[in-house]
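One letter stands for each residue in the lines below.
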Amino acid sequence: MDFAQASCTEFVTVLASNAPVPGGGGASALVGAIGTALGNMVGSLTVGKKKYADVEEEIIALKARCDQLQKDLLDQIALDAKGFEPLAKAYGIPRDDPNRDRILEEATILACHVPVKIMELCCDSLEAIRVFAEKGSRLAVSDAGCGAVCVKAALQAASLNVFINTKTLQNRELAEEMNAKCLGMLDKYCAMADEIFETVKSGFFKS
């Protein structure tokens, strides 16, 4: 099944089943795309409005960036499933097979690649959503806040799909390198998402 083309009902049904994919990585990618689209919607509601003419060029550029981010995130759903296949097969290799450890190590490293990419795309998305929240239509600012919340969740969820694999790597230097990269993204961009949310929320209580 092409999960990016599946209906919401189909995706959720398979996600809830005992099928190995989609899992946390694919779900993270989908949630990230949804959050990005929410920010992008703010841009769509800003372009063409006289009140925002001074930022229109910037918003149009951000919208194009988010169009690509949405596509890239949706692409990760299938790529995550593909990246997990070798690991699922490696777990089935008999423990007395002399090649098992090597194959398992290589498959584990491969399984980390897509979740890291999802995290990077989520970081780019939050950079865009921050601008939509600051400069976009005030009538849709709540959607920018919603988008930030969704993308933060996707970022955090994707990180767990990295950490569960780096924990088992024999190459601890590589594991710590990937962990450090992911922790750095979490520190910076979860804080950014929280700031967007709090700024949007506080705006509704100002007289």
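Residues numbered from 1 in each chain as written. Predicted model: local features only at pLDDT ≥ 70, side-chain atom pairs only at ≥ 80, totals over all residues. Heavy atoms only, no water.

### Things to note about the packing of aromatic side chains
Next, step 1: Taken as a whole and judged by the stated rule, the model has one aromatic pair.
Next, step 2: Ring geometry for F3 against F11: centres 6.2 Å apart, planes inclined by 90°, an arrangement best described as edge-to-face.
Next, step 3: Take F3: its relative accessible area is 13%, and that puts it in the buried class. (Phe/Tyr/Trp six-rings, centres within 6.5 Å; stacked < 30°, edge-to-face > 60°. Buried < 20%, exposed > 50% of the residue type's maximum accessible area, 1.4 Å probe, protein only.)

### So, the side chain of E105
Next, step 1: Its place among the elements puts E105 in helix α4 (residues 100-135).
Next, step 2: Despite its burial, E105 remains without a salt bridge, the nearest opposite charge being carried by R172 at 7.4 Å.
Next, step 3: Excluding residues that lie within four positions of it along the chain, E105 makes contacts with T168, L169, Q170 and N171. (Helix = DSSP H or I, 4+ residues; strand = E, 2+ residues; numbered from the N terminus. Lys, Arg positive; Asp, Glu negative; His and termini not counted. Salt bridge = Lys/Arg side-chain N within 4 Å of Asp/Glu carboxyl O. Contact = heavy atoms within 4.5 Å.)

### Quick notes on the side chain of E127
Next, step 1: As for its placement among the helices and strands, E127 is situated in helix α4.
Next, step 2: Side chain to side chain, E127 and R130 meet in a polar contact 2.9 Å long.
Next, step 3: Excluding anything up to four places from it in sequence, E127 contacts R65, K188, Y189 and M192. (Polar contact = N/O pair within 3.5 Å; in protein donor to acceptor, adjacent residues only side chain to side chain.)

### Topic: the pattern of salt bridges
Next, step 1: This structure, assessed with the given rule, holds eight salt bridges.
Next, step 2: The shortest N-O distance in the salt bridge between K135 and E58 comes to 2.9 Å. Of this pair, K135 sits in helix α4 while E58 sits in helix α3 (residues 56-90), and the two are 77 residues apart along the sequence.
Next, step 3: You can call K135 partly exposed: its relative accessible area is 32%.
Next, step 4: Here K181 ties to E120 by a salt bridge, and the two come within 2.7 Å at their closest N and O atoms. One end of the pair, K181, is in helix α6 (residues 172-203); the other, E120, is in helix α4, and 61 residues separate them in sequence.
Next, step 5: The exposure class assigned to K181 is partly exposed, which follows from its relative accessible area of 43%.

### Concerning α3
Next, step 1: Taking 1.5 Å of rise per residue, 35 residues should cover 51 Å, and α3 covers 51 Å from first to last C-alpha, within 8% of that figure.
Next, step 2: At I77, α3 shows its maximal kink, close to 30°. (Expected span 1.5 Å × (residues − 1). Bend = angle between axes of the 7 residues up to and from the residue.)

### Considering the environment of F3
Next, step 1: Mapping F3 onto the fold places it in the segment before α1 (8-16).
Next, step 2: When the C-alpha atoms of F3 and L30 are compared, they prove to be 9.6 Å apart, with 27 residues separating the residues in sequence.
Next, step 3: Leave out the neighbours within four places in its chain, and F3 touches F11, V14, V21, P22 and I77.

### Let's talk about the nonpolar core
Next, step 1: Core analysis: the largest hydrophobic core is formed by 49 residues, its most contacted members being I118, M119, C122, L126, F132, L155 and I196.
Next, step 2: Sort the elements by how many residues they give to this core and α4 lands first, with 14 residues.
Next, step 3: Look past the residues within four positions of C122 in its chain and what remains in contact with it is G32, L73, V151, A154 and L155.
Next, step 4: In terms of nonpolar packing, the next biggest core, distinct from the first, is built from six residues, L87, I93, L104 and A111 among them. (Core = buried A, V, L, I, M, F, W, Y, C linked by side-chain atoms within 4.5 Å.)

### With respect to the environment of D124
Next, step 1: Topologically, D124 is positioned in helix α4.
Next, step 2: When the C-alpha atoms of D124 and R65 are compared, they prove to be 9.0 Å apart, with 59 residues separating the residues in sequence.
Next, step 3: With residues near it in sequence (within four places) discarded, D124 still touches R65 and L69.

### Details of the confidence of the model for the protein
Next, step 1: In the predicted model, the protein carries a mean pLDDT of 96, and 99% of its residues have values of at least 70.
Next, step 2: When mean pLDDT is compared element by element in the protein, helix α5 (residues 141-166) scores highest at 98, while α1 scores lowest at 93. (pLDDT = per-residue confidence, 0-100.)

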